Amino acid sequence: MKLKIAILTGGGDCPGLNGAVKWVTKSVLDPKLVEKRSVSFEVIGVADGWKGLVEVDPDDPKSCDRYLKRLDEEIVRTWDRYGGTNLGTSRTNPFNPKNDRSEKLIDNIKKLGIDALVALGGEDTLGVAYKLHKLGIKTVGIPKTIDNDLTGTEYSLGFDTAVNVIMEEIDRLRTTAGSHGRIFVVETMGRHAGWLALHGGECSGAYIILIPEHHFDMGKVCELLRERRGREIKYSIIVISEGAKPSGQHEFLRNGKVDEFGHPSLGGIASYVAGEIEKQTGFESRHLILSHLQRGGSPSAHDRLMARWFGIAAADMIINEDFGRMVSLVRGEITSVPMKEVINKLKLVDVEKYYDTERYNGRRSIM
Ligand code: F6P
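Source: prediction; values computed, not measured. (Residues numbered from 1 in each chain as written. Predicted model: local features only at pLDDT ≥ 70, side-chain atom pairs only at ≥ 80, totals over all residues. Heavy atoms only, no water.)

**Q** Can you explain the side chain of Thr-188? Please cite residues and give values.
**A** Tracing the chain through its elements places Thr-188 in strand S6 (residues 183-188). On the accessibility criterion, Thr-188 (1% relative accessible area) is buried. (Helix = DSSP H or I, 4+ residues; strand = E, 2+ residues; numbered from the N terminus. Buried < 20%, exposed > 50% of the residue type's maximum accessible area, 1.4 Å probe, protein only.)

**Q** Tell me what's going on with the domain arrangement of the protein, and back it up with residues and numbers.
**A** When the domains of the protein are assigned, the result is domain 1 (2-157 + 299-341) and domain 2 (160-296). Centre-to-centre, using C-alpha coordinates, domain 1 lies 34 Å away from domain 2. Interface of domain 1 and domain 2: buried area, both sides summed, is about 1,600 Å²; carbon and sulfur atoms make up 50% of it. Of all residues in domain 1, Arg-91, Ile-146 and Asp-147 bury the most surface against domain 2, accounting for 38% of the area lost on that side. (Domains from an automatic or database assignment. Buried area = accessible area lost by both parts, 1.4 Å probe.)

**Q** Kindly report on the pattern of salt bridges, identifying the contributing residues and their values.
**A** Inspection of the entire model under this criterion finds 17 salt bridges. Across the salt bridge formed by Lys-26 and Glu-73, the nearest N and O atoms sit 3.5 Å from each other. Taken together, the residues span a long stretch of sequence, with Lys-26 in helix H1 (residues 17-29) and Glu-73 in helix H5 (residues 73-76) at a distance of 47 residues. With relative accessibility at 26%, the residue Glu-73 sits in the partly exposed group. In this structure, Glu-284 engages Arg-182 in a salt bridge whose closest nitrogen and oxygen atoms are separated by 3.3 Å. Here Arg-182 lies in the loop between helix H8 (159-180) and S6 and Glu-284 lies in the loop between helix H11 (269-281) and strand S11 (285-289), a separation of 102 residues in the sequence. Judged by its relative accessible area of 34%, Glu-284 falls in the partly exposed class. One network of salt bridges, with partners in common, ties together Asp-59, Asp-107 and Lys-111. (Salt bridge = Lys/Arg side-chain N within 4 Å of Asp/Glu carboxyl O.)

**Q** Let's hear about the nonpolar core: which residues, and what values?
**A** Most often, soluble globular proteins have nonpolar side chains that are buried together. Counting residues in each nonpolar core, the largest one holds 83 residues, and the members touching the most others are Ile-142, Phe-216, Val-221, Ile-237 and Ile-277. Looking at which element gives the most residues to this core, the answer is helix H12 (residues 301-319), with 8 residues. Inspection of this core shows a minimum of three residues originating in each of domain 1 (2-157 + 299-341) and domain 2 (160-296). Core analysis: the second largest hydrophobic core is formed by 32 residues, Leu-112, Leu-117, Val-128 and Tyr-130 among them. (Core = buried A, V, L, I, M, F, W, Y, C linked by side-chain atoms within 4.5 Å.)

**Q** I'd love a proper account of empty space enclosed by the protein, names of residues and values included.
**A** Unfilled space is identified by rolling a water-sized probe across the atoms. In the structure shown here, the tally under the stated rule is 1 cavity of 30 Å³ or more. For the largest cavity, the full set of lining residues is Glu-187, Thr-188, Met-189, Glu-242, Arg-254, Leu-266, Ile-289, Ser-291 and Gln-294. For the lining of the largest cavity, the residue count by class is 3 nonpolar, 3 polar and 3 charged. (1 Å grid on protein atoms, 1.4 Å probe; cavity = no way out; pocket = protein on both sides within 12 Å on 5 of 7 lines; lining within 4 Å. Points joined across faces, edges and corners; volume = space filled by probe spheres on them. Nonpolar A, V, L, I, M, F, W, Y, C, P; charged D, E, K, R; others polar.)

Structure, rendered in structure tokens:
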């Protein structure tokens, strides 16, 4: 028996996606393992996430060429070294109530003879995979989001590389911040969860870290900066999540647009904070939005390793017919959790456990 597996990547790209696609493909096609199994597989990479599976016309060879690519061990051999997603991605939501294309999606899956589907994504992409699972399509999820805010897993692909980008850029900023004696406010991604700002800020020794889970008081930020100046320290680095909010205010929006899952595009909080610091303290301040640099470049060693393990685990789940679940890392072990538990609930920073609301920084007591 031969089964057809489709793989797609959805939502924001990040380093580690290509590695996971490689290891799903290699594991299901591995000639040694194939000998031991009663089934063999064919692997199809779908271009542009859910958009590809919605827009492909199974009866049109040109459209199939555009959206579907047969993957084999030779094609994916070097993929784990590269960031982004070679399959392409989109934020298409086939179940968007304003433009529901789920019927077309399910029809295409059936017409194409897809027996199982591996979806690599965050809450939105996996939410679609879960809805398909409930409708009888065999799906497996692999967690990715640089925000690391997926419930049910300690790790999501892309996070480690992004934290490294934050650390490296702050290392660079320090020399210029120090030379001029300036305050630098560095904005990271993280719509709802402050993991990127917290871990990025902690490992780069930021003086202040501001996260969405704890609304901050601008006056207190200025007080902390004055206190530090008083200790003759010339410059300070503040790391702030894009979704952080000053007390009594909403998150800062980049523009009025929302994506197909209803998420607004965030941005601008760092500029506001830098402006307020200058106004309230007179300290010269600058801001920097790290933006998509955090999702760029090649994967860190940790992301390559996790991509490999997550990819292999997803292949095992297909072989074991363990559908409707997402590969996950729990207490350092690779396992899986029902997708149902992953959606509609984000993994936020536990302020009491990890955040010091007096210092506006990571806690200094861990045990
Ligand atoms: O992948 C999640 C995320 O990193 C968010 O933190 C951020 O708001 C969003 O992506 C931005 O994505 P894009 O501009 O690519 O739509």
